[in-house]
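Inside the fold
Listed below, chain by chain, are the residues.
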Amino acid sequence: MSSPGHGLLKRTEPLAQELGRLGLDADAIAILNPVVGILQYRRLAAAKSAIRPRVAALLGDATGAIGGTVDGAPGAMAGFFQAQSLGEALAATLQLQNQWQRFSGTLDRKAAFLVAALSIYISCVSLVATVCFGALTLP
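This structure is a prediction, so every number in the text was calculated from the model and none was measured.

On to the overall build of the protein chain. Helix and strand counts for the protein chain stand at 3 helices and 0 strands. Helices and strands in the protein chain line up, N terminus first, as α-α-α. In summary, the protein chain has a C-alpha radius of gyration of 25 Å against a globular reference of 14 Å for 139 residues, an excess of more than 25%. If one aligns the C-alpha atoms of the protein chain with their principal axes, the spans along those axes are about 100 × 20 × 20 Å. The buried share of the protein chain, taken over its 139 residues, is 28%.

Below you can see the structure in the form of structure tokens.
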């Protein structure tokens, strides 16, 4: 018997947990210290790039299993196995999508905050330099 969704949750759970840990790391990016924050962001962006193919492959398997049919099951049990396969495929898809979106959204949000904080610091330094040079040019 062939069931396309069988075992998908067991395969996606470790990856979803890894994405959850990366999401927590992304939450911990230091916004008020842009130098440290940028280093943390770059490390997590590299991790995101490295994990993306695994997420895409498992998500493809899970979404493909949603429309897959169970073959070779006895007549009375075919409906049960089909429903179980669909349920596992849907759960695996939602689990991966939720964790990926949470991680990606948090990383994007932190990047925007880092740019804003860095621009504020640069503008403060520029203001101080302008005031100092202005004071030096007074007669």
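Once that is clear, we can look at the environment of glutamine 17. Within the secondary structure layout, glutamine 17 lies in helix α1 (residues 8-27). Sequence separation of glutamine 17 and alanine 112 is 95 residues, and the distance between their C-alpha atoms is 25 Å.

What counts and what doesn't
Residues numbered from 1 in each chain as written. Predicted model: local features only at pLDDT ≥ 70, side-chain atom pairs only at ≥ 80, totals over all residues. Heavy atoms only, no water. Helix = DSSP H or I, 4+ residues; strand = E, 2+ residues; numbered from the N terminus. Rg over C-alpha atoms; globule rule 2.2 N^0.38 Å. Buried < 20%, exposed > 50% of the residue type's maximum accessible area, 1.4 Å probe, protein only.

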